[in-house]
Structure formats: structure tokens, C-alpha cells
Amino acid sequence: MTLKIYNSLTRKKEDFSPIGNGKDVLMYVCGPTVYALSHIGHARSAVAFDVIYRYLSHKGYKVKYARNYTDVDDKIINRASEEGVDAKELAERYIRAFDADMDALGVAVPDVRPKATETIGKIIELTQSLIAKKYAYQSNGDVFYSVRLKKDYGKLSGKNIDELEAGARVDVNEDKLDPLDFALWKAAKPGEPAWDSPWGPGRPGWHVECSAMCLSHLGDAIDIHGGGRDLIFPHHENEIAQSEAATGKTPFAKYWLHNGFVNVAKEKMSKSVGNVLNIRDVLQAHDKEAVRLFLLGSHYRSPLDYTKDSIKEAEAALERFYKTIQRIEEEWTADIIVPALQRGNAVIDAMDDDFNTAGVIGAVFKEINRANKLMDEATDSGYKRQPATVLPSPPRGEGRVRGKLETIRALCKEASSFLGVFGSTPEEFFKRRKTQTDVSPEEIERLIEERNTARRGKDFKKADSIRTELLEKGVALEDTPKGTTWGVKRRFP
Ligand SMILES: [Zn+2]
């Protein structure tokens, strides 16, 4: 079966065929604007495209994958001035935090991770070429893109240019020739980061950054461009307008892929509601594989609802999975040989259908149930349970069970190679789970009190042993001037 991908640009599922007709695939995904810690919505986008990247590689494509950092932006500048720090320093801090979160989530590092501030030369060059081609004009140190001149503007979002015009009139800017036009270059305001340009000191607009990073690292035409649904308009629409006008090549990206939102208990995440779930807080409370399993449990384009129950369900499913694998290993083989699977299995079929990870997970658990049933039946019928090494030529019935179990394991292993879930050994999984503490808060408080009593009585040996004991259970203590605080140990740097 050929890989089919839903293309937001054509609004239909299409057979995947790279622009070069070969095995090379160029893929660009819009990364974070680095002004705060990343939340579960960012995790969803990162994991969805991580799986797409891994699956394309699994199918034998040679993927060059770029994911950017937007490291100059109004939000970064505002936040930096609130904190009284340099905008660059703030951006670098949140780049490091994002990378640590991605690492903790098991997201593969893209081949290229460009930063907007390191692409200024290309941004200026692109803006100059748009001015030369009359798609852009300068006005008092700003440069704007003339939206009406691009005849097919609106093709990605399906928006009608006259309706947009009516909406845009609210936002009056005297420097623009048309309210619809958007900024490619913004003249510097006092105290803001700025770069020299032919139009005076200033900084780039958001949309042109991605076009420039994509053009300079991947080329004039790419296979896949991805991002969250919220980026379709205006960000991706404007990226198309700039890139196609500058290069004269259409389409700029052949397939446009967009992931759905994550809600928290049916509500949209927002700072004012106070329900923004940071990746690191989720990972502090739940195993990384459970988080990925939860994120991949729905199709990447559908909305996803995060609730306590849904993440707990993922954790319970994962536990069932590893208990089954442990049982296969302990009861049925000491040294399982994983045969190469034929293409056309349920896992591959699901992935080939627009990366249907929910279908893959369904297929894996169907096999896990089958494995348990096989083992129960074999045990009931009295097959001897011996390691394979002890029984080189097992009786026919048992050999057949073992063969089936090996096939099941191979299928799970294949799924794990691109889902980034199911790839641990049971030992690794259960050991990791222990680092999430089972100690109740009451018990922790009681031990802290006991430790304080010991410290007051100068029994530092006892105080230290309580600290160590808690640390082994995943609870870290910190002595502050206000008293002792505690937190569950984080599992990332
Ligand atoms: Zn972008």
C-alpha cells in the first residue's frame, strides 16, 4: 500500500510522492516562539511530526527535517522587558528549556534547527527580492508585502480576499497601502533588538523568518510543511505568498500537514483560565512513554482532550503492555529471535493511512491480548514452559505458540521504532516508574518533621539517612531559609 497523506492545501488524502520522485524528502515544521515554557500543545505537535519523520525514515525515505526557533518576536521582547533581561538571553533560556523537554519526551533531534536571529542575512535578501519584484514596498523604515498582488492568496486557508479586507480595516496602520498587507521588516523601536538593513535598523516580521529559514536550509521547493492548525492563517498563508512570489516556484510546499489542538478537561488552554499544562509538569507526574501514548492515541489532525483519566488510561495500558512482554520473556523464551516482518501488516497499513497512530496502537493491543490468550491456553493445556535454550526442538504445539509470540513481539517492535513507545525492556519500564514516587505527601511531611527533630538534636547521621531514603524514592528535599521544601525528582537535565 502506498502512503497516503491528508494535504491541507488540496483538502484531500493524496498518495505521497516526493517532488524529486526519489527517496529524498524535505520537511519543515514550525517550531516554538521561545518566550515561556512549552505546554502539552507544543508536545503534541513535536511528537506528531517526530513520528511522521521517523515513519518516513522507516519506509526508506531520506528525510532532511528542519524545525525552527522563533527567537525574535513581540512576546519575547515584552517578556524580557517585564523581567528586566536581554531579549536574547530570555530566548536562549527558553530554547534550552524546549530542548530539554523534547529530550525528556524522546523526540528525535531534527537535522537542522535554525534560529530566526541567525537567518537575518537571508531574510533581508528575501525581502529585497520581493521589493525588486514589486510584491513588497517600504514605508518609513517598515517593509510590507502587498497581499492583493498574489493572485492565489488564500489558497491554503480558503479565505476570500475581500472578506479579509473588511476584517483588516479595523487594524488601521497609516504606513500600509492596503490594510491587508503584512510586515516583512519592522523599523526598530527604542530598546528593541535591531539589525542593520537597507531600510534602516529593524527586525523581521514572523512570517518571513520561516520562509527564509526554509529556503536557506531546505531549498525553493519542499515536500512537507507542518505545524499546528492555528498556523494555517495567517502564518502559513503568508509563508506561501512570500516564498512563491520570491522564487517563482509553485507550490512552495507540496504537502501541508496540520495537527489539532489539545484541550484540558474540554477547555481551551489559556493563561487567564490558568489551565496551561507545561510539558515538564506533565512529565514529572507521568512516564514519558505514557505521555507519548496518550498524545498518539488520537489521530494527529483530531482535537485531543487531556484529562487525569485519559493520561491514567495510557499509563495503565502501558503497564499491561510491559507485563505481557515480561510474561513472554519469562515464561516462553529466554532469547527471542525477532523475524523480519512482511510489509502489509496491520501496523504499516494504519501508518500508511495518513499516519493513523491510533490504528497502530489499536493493532498492538489486539496482539497483546492475543498473546495473553495464547499463553493462558497453552498453560491450561499443560505445555511445558521452558526457556528456548533448554528446549532446542520444542514439541510441535509449543513451538507453534512460541512462533506466534515471536511474530507478535516483532509487530510491537516495529511499531515502537516510529512511535517511540513500547521500545523499553520491561525492566527499564518498571524501574523508571519507581522514580515517580509512591510516597504520599503526608508520609513525606512526616519524614521531614522527623528529620528536623534529628537535626535539632544534632543527629545528622539520621537526618542524612532520611534525606537519602526519600531521594531513593524519587523525592528531593531542599532546605531554604523558610524551611524544608520537597519535590518529585525530575528526570531530565
Ligand atoms: Zn513558521
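Criteria and cut-off values
Residues numbered from 1 in each chain as written. Predicted model: local features only at pLDDT ≥ 70, side-chain atom pairs only at ≥ 80, totals over all residues. Heavy atoms only, no water. Salt bridge = Lys/Arg side-chain N within 4 Å of Asp/Glu carboxyl O. Helix = DSSP H or I, 4+ residues; strand = E, 2+ residues; numbered from the N terminus. Buried < 20%, exposed > 50% of the residue type's maximum accessible area, 1.4 Å probe, protein only. Pairing = 2+ DSSP bridges. 1 Å grid on protein atoms, 1.4 Å probe; cavity = no way out; pocket = protein on both sides within 12 Å on 5 of 7 lines; lining within 4 Å. Points joined across faces, edges and corners; volume = space filled by probe spheres on them. Nonpolar A, V, L, I, M, F, W, Y, C, P; charged D, E, K, R; others polar. Axes fitted to C-alpha atoms, helices over the stretch in contact; angles between N-to-C directions. Parallel < 35°, antiparallel > 145°, perpendicular 65-115°, else oblique. Left-handed = near helix turned anticlockwise from the far one by under 90°. Contact = heavy atoms within 4.5 Å.

For the structure shown, the criterion picks out 39 salt bridges. The salt bridge involving Glu 450 is made with Arg 446; its shortest N-O contact spans 3.1 Å. With Glu 450 and Arg 446 both in helix α15 (residues 441–456), this residue pair falls 4 residues apart, about one helical turn. Relative accessible area serves as the criterion here: at 27%, Glu 450 is assigned to the partly exposed category. Through salt bridges with shared partners, a single ionic network connects Arg 148, Asp 162, Glu 165 and Asp 178.

Take the sheet that holds strand β11 (residues 262–264) next. Read from one edge to the other, the open sheet built from 3 strands follows the order β12-β11-β13, with strand pairing classed as mixed. Every interior strand has two partners, whereas the edge strands, β12 (267–268) and β13 (304–306), have only one.

A full pass over the atoms with the stated rule returns 2 cavities of 30 Å³ or more. A volume near 50 Å³ is recorded for the largest cavity. Lining the largest cavity, in full, are Ala 48, Val 51, Ile 52, Leu 296, Tyr 300, Met 351, Phe 355 and Thr 357. In terms of residue class, the lining of the largest cavity is made up of 7 nonpolar, 1 polar and no charged. Reported here for the second largest cavity is a volume of approximately 30 Å³. Lining the second largest cavity, in full, are Arg 44, Val 47, Ala 48, Leu 295, Leu 296, Ser 298, Tyr 300 and Thr 357. Elements represented by at least two residues in the lining of the second largest cavity include exactly α1 (40–58) and α9 (288–296). Looking at the lining of the second largest cavity, the element that brings in the most residues is α1, giving 3 residues. Looking at the lining of the second largest cavity, its residues break down into 5 nonpolar, 2 polar and 1 charged.

Bringing the packing of α9 against helix α10 (residues 308–332) into the picture now. Contact pair α9 / α10: the axes reach a minimum separation of 8 Å and the direction vectors enclose 115 degrees. In this view, α9 runs roughly perpendicular relative to α10, as classed from their interaxial angle. Regarding α9 and α10, the two cross each other, and that crossing is right-handed. The segment α9 lies against α10, with Glu 289, Ala 290, Val 291, Leu 293 and Phe 294 engaging Ser 310, Ile 311, Ala 314, Glu 315, Ala 317, Leu 318 and Tyr 322. Here the residues of the contact of α9 with α10 sort into 9 nonpolar, 1 polar and 2 charged.

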